[in-house]
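Chains, contacts and geometry: an overview
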Amino acid sequence: MTDYAHYGPLVRLAAAHSTEVEMDQSLWSCLYEYDTSGKAPAPASIAEITHLRATSPKGWSSTDIALVGRLADGRWVTCVAWSDTAGFGCREQVDWWVGETREDAIKFGLDEESRRALGFPSIAGETR
């Protein structure tokens, strides 16, 4: 049995955002378990989620997630994740990025689709 209790604070932070897919403890667990970047911050270190999009573009268990947040130490974090219709554990990708500034986190941690979905400027013309 998996202990999801340490994801409870993240569920509460995410609840402040209207999303198509509920960011429950099980989904937060997947964002950590399937992290492909090796850069995921400790769940307890995320103090605020400023931008969040969680959708199911193809239905079933497909998931697209993009988030920007602030860590307790003042740094910024992004997460871009997706899973196919079979859900996490079949075909997925989860990339976390932590940076010193919000601007760096957006510039280096979000892809074009995530930027567009969260209302940030395009990558066009930037050096990544």
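None of the values given here were measured: they were computed from a predicted structure.

Calculation rules
- Residues numbered from 1 in each chain as written.
- Predicted model: local features only at pLDDT ≥ 70, side-chain atom pairs only at ≥ 80, totals over all residues.
- Heavy atoms only, no water.
- Helix = DSSP H or I, 4+ residues; strand = E, 2+ residues; numbered from the N terminus.
- Rg over C-alpha atoms; globule rule 2.2 N^0.38 Å.
- Contact = heavy atoms within 4.5 Å.
- Buried < 20%, exposed > 50% of the residue type's maximum accessible area, 1.4 Å probe, protein only.

1. Overview of the overall build of the protein
- When its secondary structure is counted, the protein shows four helices and four strands.
- N-terminal to C-terminal, the α/β element order of the protein is α-α-β-β-β-β-α-α.
- At 14 Å, the protein has a C-alpha radius of gyration in line with the 14 Å of a compact globule built from 128 residues.
- With the C-alpha coordinates aligned to their principal axes, the bounding extent of the protein is approximately 45 × 35 × 25 Å.
- Long-range contacts, defined here as pairs at least 24 residues apart, represent 47% of the contacts in the protein between residues at least 6 apart.

2. Here's the deal with the side chain of Thr 63
- Residue position: Thr 63 is located in strand S2 (residues 63-71).
- Owing to a relative accessible area of 6%, Thr 63 belongs among the buried residues under this scheme.

3. Things to note about helix H2 (residues 25-33)
- Among the residues of H2, those classed as buried are Leu 27, Trp 28, Ser 29, Cys 30, Leu 31 and Tyr 32.
- Contact partners of the buried residues in H2: helix H1 (8-14), strand S1 (46-55), S2, strand S3 (76-83) and strand S4 (92-99).

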